[in-house]
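An overview of the molecular structure
This is what each chain is made of:
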Amino acid sequence: MAPEPFLGRTEYTPVRHHILSVLVENKAGVLSRVAGLFSRRGFNIYSLAVAPADDHERFSRITIVVDAESAPLSQVVGQLNKLINVVEIRDLAPEEAVERELLLATVHRAEADREVLLAQIADAGASMIDFSSDSVTVSLSGTPGALDEFERILTEHYPSIEIQRTGRVALPRLNFSTEASLSS
Amino acid sequence: MKITGAQALIKSLEALGTEVIFGYPGGAILPVYDPIIDSTIRHVLVRHEQGAGHMAEGYAQATGRPGVAMVTSGPGATNIVTPIANAYMDSTPLVVITGQVATGSIGTDAFQECDITGITMGITKHNWLIKDASEIPRVIAEAFHVATTGRPGPVLVDVPKDVSQSEMEWYDPPMPEALDLPGYHPQVTGNRDLIAQAASLMAQAEQPVLYVGGGVLKARASEALVQLAEAIHAPVVTTLMARGAFPDTHPQCLGMPGMHGNYTAVTAMQKSDLLISLGARFDDRITGKIDAFAPNAKIIHVDIDPAELGKVRRPDVGISGDCRVVIEELIMACQKETFSTLESWWTQLNEWQARFPVHYEESQDGGMLKPQTIIEMLAANSPDDTIVVSGVGQHQMWASLHWTFDYPYTWINSGGAGTMGFAVPAAIGVKAGRPERTVWAIDGDGCFQMTAQELVTARSEGIPVKVAILNNSYLGMVRQWQEMFYEERYSEVYLSSDLPNYVMWAESMGCVGIRVDTPEEVLPAIEKANSINDRPVVIDFRIDASEKVFPMVPSGSSNDEIVVHPSQQEGN
C-alpha cells in the first residue's frame, strides 16, 4: 500500500463549502437533471464527481461540493430531493468527511530541474506516471488541501504546466470506536 | 396479447381513467392517432398546441383529475412549452405526450426533431423518453402517479415514432404501490410534535391570520379549512391561487392579499403576530419587499413540498404534509387548546374593512363603462356555481377582487407564470370537464388576441364557453405602470379601438358576438349570453381605459406602503 500523502494546508480550499453525496438512479439524463437544477436555482458547484455506486449499475453516486454561501444548504438539499431520480442525499460537513481528490500534471522538462522536480514529487507523495523526451506527467491523490499545496508549488515553478483535477469524492468520517475495532 | 406501442399508449391512458385528450396530430405522433379512432377517450382537436396545454390545465384545475395533452415532435412540442411552464408554476397535474423522431434518428437533427425532454427538464416534475414499447404501460402509470401525487405538476412523456410502431406484449399499467420509484416518497401526514407545537402557537396568538394558498385546493381541504378557521376564530386570506378555497361571504374571510389585494387582507398579514400558511409559498406578489414583510409574525408553514419550508421565510414551525391531512390533524390538536375570540383583533380588522373596502367609482350618466361594474353584474346574473376563468392583467385582478367566490374550483387563472392568453383555451378545458356548469372567461383584449382562435375548437367540438372581453384597447396593466411609474410615457401599450372587429371575429368563428358600449346594454347582453347554450358567446365590453387596479403595492415596496383608491387616500 502506498504511503499516505502529506495532508498539507487547507486554507486554499473554500471554507464555505459543503459536500453532498447524492445517490441517484442510473438513468439517462440524470446528471443533466442535477446540473440543470443547480444552474436554474442559482446554486454554485465547486466540483462534481460521478461514479457507479453498486454492482448492478442501478445507482450512481454523485459527489457535489456546493458553495453554501450561494444558497442555504437546506434549499439545495430540498430542491435536489424533489428530483424523482434522486434516491438519497447525505450532507457531509467538511469536518465530518474524509475527502480525496486526484491531480494529474504535465511538466515540460525544459522548465524543470530534474533533481528539484523529483524532490517535489517525493515530498508531496506524488508519483511519475508517464514521460516522454520533453515532458513528465505526475499524479497525486490526497486531500484537496494537499492537492492545492502541490498545485501551488508546481505552478510557481513551471509556467507552462498543464494541470487537471478530478474534483473531490467523500465519505463520512468513521468515528473513533469504529476505527479502533477495525485495527484490532 | 401483442399490440403496437401506439395501441399500448392509448390503452394505458384508458386504463388510467383518461376521458379526454386535448391534442394536435403530426408526423412523429401519427401512429398514436390511429388507435384514437377506436378509443373511448374523447379527443379535442385544438387549433394550436398551446391551446391544448391550457385546455388540459383548465380541465385539471376544474376537475382535480390530471389533464392530458398530446402533440407531435419539434414545433408541436415547443408550442406546448408555455402551458407546461404555467402548470409547473401553479402545480397543476398535467400529462403531456409528445411524439419524437425514431430512436435511430435522435441526435441527427432529423425533420421536426427537438430535445423536448431537455427543454422541459426545468419545468416538469419529471419527464421520460421511452426507448422501447414494452416500457409504455409502466411509464404512463409512473407519469400519472408523479403528476397527481405529492405537489402536483406537469410531466412529459416523449414517444419516438418507431417505439409507437413496434409491437409489445400488453400488460396492465402497474398500480402506484407496484411502481419502482425509489426516489419518490411524498410525505403526506404531518409530524405529530410539530402539529402540537403549531396548535400551541395558534392558541397563544393574539393577531393570527390563516394565509391560504392554492395547495388547499389541490389537497381538497376547503371543508377542513372552514372547521379549523371557525375553531380558532382567525381571519382568512385567500391568495390569487386560492380564491374560493374559503367562502368570500364567510364572516372570517378578508379576501385576497398581495400586490393588488384589498387593504385589510394585506394589512392584517403585515400586522399579524402569527401567519398560518397553508399550501402557500410566500410568493413575491404576496410578500412585497420580503425584508419588510410581516415583521412581527411567527410563521407556521404547512406545505406538501418540504423545499418550500424556509425557501423565502424561515418558519417557526414548518410542517411538510398534505394540507387536508395536516389541517385535520391541527383541528384534533386544537381541541386540546383553548382559543379566545380575538376580540380586539377583530375590532381592528373591522375598522380597516369599514374604512378601506375595495372601492371604485361607478360611472356617471353618459360616462364610460367600468370593468368592476361589469364583473359585479356578471356575478349577480350568472348561476352561483359559475366557473370564472381569467387571463393575466388588470381584468384578472378586477375579476378576483370583484367577483364573490363562495365555492372551491370556481376561479381558474394563471397565477405564478402570468401567461397572457390563458383564459380562452383554459375555459374550454374547464367546460369539457364540467359541461353542466356555466363557464365565463373574463379576458382582456390583449390576452384575447393571443389565443382566440381556440373558439373555433370550442364551436366545432360543441363546447359553449362564454367570453367577456374587458376591452380598453390597451395592454392595461402595463399602461397602469407606465402611468404611475414612468410619468405617463406610454410605450407600445395601445392596441386599437377598431382593430380587430371582435363581433365579426367571433361570428366568423361560429360564436355569437355582442358589443356593449353603454351601461344600459350590459344586463341585456349578459342575459342573452347566459341564455345561449349551443355555441360560444363573446361580449366585447368597451371599458374606460383610464381605470386602474387599486389597491396596489408598488413593485419592490413594503406592504406597509399600500396605495388605496385615490378617493380613499388622506386629504380626500
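Rules used throughout
- Residues numbered from 1 in each chain as written.
- Chains lettered and ligands numbered in written order.
- Predicted model: local features only at pLDDT ≥ 70, side-chain atom pairs only at ≥ 80, totals over all residues.
- Helix = DSSP H or I, 4+ residues; strand = E, 2+ residues; numbered from the N terminus.
- Rg over C-alpha atoms; globule rule 2.2 N^0.38 Å.
- Buried ≥ 20, exposed ≤ 12 C-beta atoms within 10 Å, placed from the backbone.
- Pairing = 2+ DSSP bridges.
- Right-handed = clockwise from strand over helix to strand, strands pointing away.
- Domains from an automatic or database assignment.
- Contact = placed C-beta atoms within 7 Å.
- Nonpolar A, V, L, I, M, F, W, Y, C, P; charged D, E, K, R; others polar.
- Axes fitted to C-alpha atoms, helices over the stretch in contact; angles between N-to-C directions.
- Core = buried A, V, L, I, M, F, W, Y, C linked by C-beta atoms within 7 Å.
- Parallel < 35°, antiparallel > 145°, perpendicular 65-115°, else oblique.
- Left-handed = near helix turned anticlockwise from the far one by under 90°.
- pLDDT = per-residue confidence, 0-100.
- Arc of directions from axis to C-beta.

Check the secondary structure of chain B and you find 23 helices and 20 strands. What you see for chain B is a C-alpha radius of gyration of 24 Å, in line with the 25 Å of a compact globule of 572 residues. Looking at the 572 residues of chain B, the share that counts as buried comes to 56%.

The next thing to look at is the pairing of strand E19 (residues 512-516) of chain B. All names here are of chain B. Bridge analysis of E19 against strand E20 (residues 537-542) gives 5 bridges, and the strand direction is parallel. Looking at E20, one finds that Val512 is bridged to Val537. In the classification by handedness, the crossover that spans E19, the intervening helix H23 (residues 519-531) and the parallel E20 is right-handed.

We now examine the domain arrangement of chain B. Residues and elements named next belong to chain B. Taken domain by domain, chain B holds domain 1 (2-178), domain 2 (192-355) and domain 3 (371-542). In this structure, domain 1 and domain 3 have C-alpha centres spaced 30 Å apart. Each partner contributes residues to the interface: domain 1 has 24 residues there, and domain 3 has 25 residues. Taken together, the elements giving at least two residues each to the side of domain 1 that touches domain 3 come down to strand E2 (20-23), strand E3 (42-45), helix H3 (49-63) and helix H5 (81-89).

What follows covers the interface of chain A and chain B. Accessible area lost on assembly of the parts is the figure often given for the size of an interface. Each partner contributes residues to the interface: chain A has 17 residues there, and chain B has 15 residues. Here the residues of the side of chain A that touches chain B sort into 5 nonpolar, 8 polar and 4 charged.

Let us now look at the sheet that holds strand E15 (residues 387-390) of chain B. All names here are of chain B. Taken in spatial order, the 6 strands make up an open sheet running E16-E15-E17-E18-E20-E19, and their pairing is parallel. Edge positions in the open sheet fall to strand E16 (411-412) and E19, since each of these has one partner strand only. Sheet analysis places strand E17 (residues 439-444) next to strand E18 (residues 466-471), joined by 5 bridges and oriented parallel. Paired with Ala441 across the strands is Val467, a residue of E18. Packed on one face of the sheet, H23 meets E18, E19 and E20 and runs near 165 degrees to E19.

Turning our attention to the domain arrangement of chain A. Residues and elements named next belong to chain A. You can read the domains of chain A as domain 1 (17-92) and domain 2 (98-171). Domain 1 and domain 2 are separated by 29 Å when their C-alpha centres are compared. Domain 1 puts 8 residues into the contact, and the matching count from domain 2 is 6 residues. At the level of elements, strand E1 (17-25), strand E2 (45-52) and strand E3 (59-67) are the ones that each hand at least two residues to the side of domain 1 that touches domain 2. Among the elements that line the side of domain 1 that touches domain 2, the one with the most residues is E2, at 3 residues. Of the residues in the side of domain 1 that touches domain 2, the class split is 5 nonpolar, 3 polar and no charged.

Before going further, it helps to spend a moment on the nonpolar core. All names here are of chain B. If you look at the biggest cluster of nonpolar residues, it comprises 200 residues, and the most contacted ones within it are Ala69, Val212, Leu225 and Leu278. Looking at which element gives the most residues to this core, the answer is helix H7 (residues 136-148), with 8 residues. Contacts of Leu278, omitting those with residues within four sequence positions, involve Leu210, Tyr211, Val212, Gly213, Gly215, Val216, Leu225, Val302, Cys323 and Ile327.

Whenever strands of a sheet pair, they do so through backbone hydrogen bonds, lying parallel or antiparallel. All names here are of chain A. Strand order in the open sheet made by the 4 strands is E2-E3-E1-E4, with antiparallel pairing throughout. What marks the edges here is a single partner per strand, and that holds for E2 and strand E4 (86-92). In this sheet, adjacent strand axes meet at a mean angle of 15 degrees when their direction is disregarded. Sheet topology places E1 next to E4; 6 bridges connect them, and they run antiparallel. Bridge pairing in E4 links Leu20 to Asp91. Taken strand by strand, helix H2 (residues 73-81) contacts E1, E3 and E4, and its axis lies near 165 degrees from that of E4.

All names here are of chain B. For the bond from Leu499 to Pro500, the omega torsion is -10 degrees, close enough to zero to count as cis. Note that Pro500 resides in the loop between helix H21 (476-485) and helix H22 (502-508). In this model, Phe550 is joined to Pro551 through a cis peptide bond whose omega is 0 degrees. Take Pro551: it is sitting in the segment after E20. Of note, the phi angle at Ala294 is positive, near 35 degrees, even though the residue is not glycine. Along the chain, Ala294 falls in the loop between helix H13 (284-287) and strand E13 (298-303). Unusually for a residue other than glycine, Glu487 sits at a positive phi of about 50 degrees. Positionally, Glu487 belongs in the loop between H21 and H22. Glu487 sits in the exposed class, given 7 other C-beta atoms within 10 Å.

Residues and elements named next belong to chain B. Here helix H18 (residues 423-433) crosses helix H20 (residues 454-461) at 20 degrees, and the two axes come no closer than 9 Å. Judged by the angle between their axes, H18 and H20 are roughly parallel. The hand of the H18/H20 crossing is left-handed. In contact with Val424, Pro425 and Ile428 of H18, H20 contributes Glu454, Leu455, Thr457 and Ala458.

For chain B, the average pLDDT comes to 97, and 100% of its residues sit at 70 or higher. Across the interface, the model reports ipTM at 0.91; the global pTM reads 0.93.

What follows concerns H21 of chain B. Since the α-helix advances by 3.6 residues per turn, residues separated by three or four positions end up pointing in the same direction. All names here are of chain B. Taken together, the buried positions of H21 are Gly476, Met477, Arg479 and Gln480. Taken around the axis of H21, the buried residues stretch over an arc of 155 degrees, which confines them to a single face. Where H21 terminates, the next one or two residues include Glu487, which has phi positive at roughly 50 degrees.

Here we take up the pairing of strand E5 (residues 97-108) of chain A. On a regular strand, one side chain projects to one face of the sheet and the next to the other, so that they alternate. Residues and elements named next belong to chain A. Burial of the side chains of E5 is restricted to one face: Ala97, Glu99, Glu101, Leu103, Ala105 and Val107 are buried, whereas none of Val98, Arg100, Leu102, Leu104, Thr106 and His108 on the reverse face is. By the bridge criterion, 4 bridges tie E5 to strand E9 (residues 169-172) in an arrangement that is antiparallel. Within the sheet, the bridge partner assigned to Arg100 lies in E9 and is Val169. Of the pairings in the sheet, the one linking E5 to strand E7 (residues 135-142) comprises 8 bridges and is antiparallel in character. Bridge pairing in E7 links Leu102 to Ser141. As defined by bridge partners, E5 adjoins strand E8 (residues 162-165) across 4 bridges and the pair is classed as antiparallel. Within E8, the position partnered with Leu104 by the bridge is Gln164.

Residue and element names in this part refer to chain B. Running from N to C, H3 and H18 cross one another at 45 degrees; their axes reach a closest spacing of 6 Å. Considering the angle they form, H3 stands oblique to H18. Seen from above, H3 lies across H18 with right-handed handedness. Along its contact with H3, which presents Gly51, His54, Met55, Ala56, Glu57, Gly58, Tyr59, Ala62 and Thr63, the element H18 presents Pro425, Ala426, Ala427, Ile428, Gly429, Val430, Ala432 and Gly433.

Turning next to the environment of Ser135 of chain A. Residues and elements named next belong to chain A. Among the secondary structure elements, Ser135 is positioned in strand E7. Using a count of 17 C-beta atoms within 10 Å as the deciding quantity, one classes Ser135 as partly exposed. Residues Ser135 and Ala112, spaced 23 residues apart in sequence, show a C-alpha to C-alpha distance of 9.4 Å. Each residue touching Ser135, except ones within four places of it in the same chain, is listed here: Thr106, Val107, His108 and Arg109.

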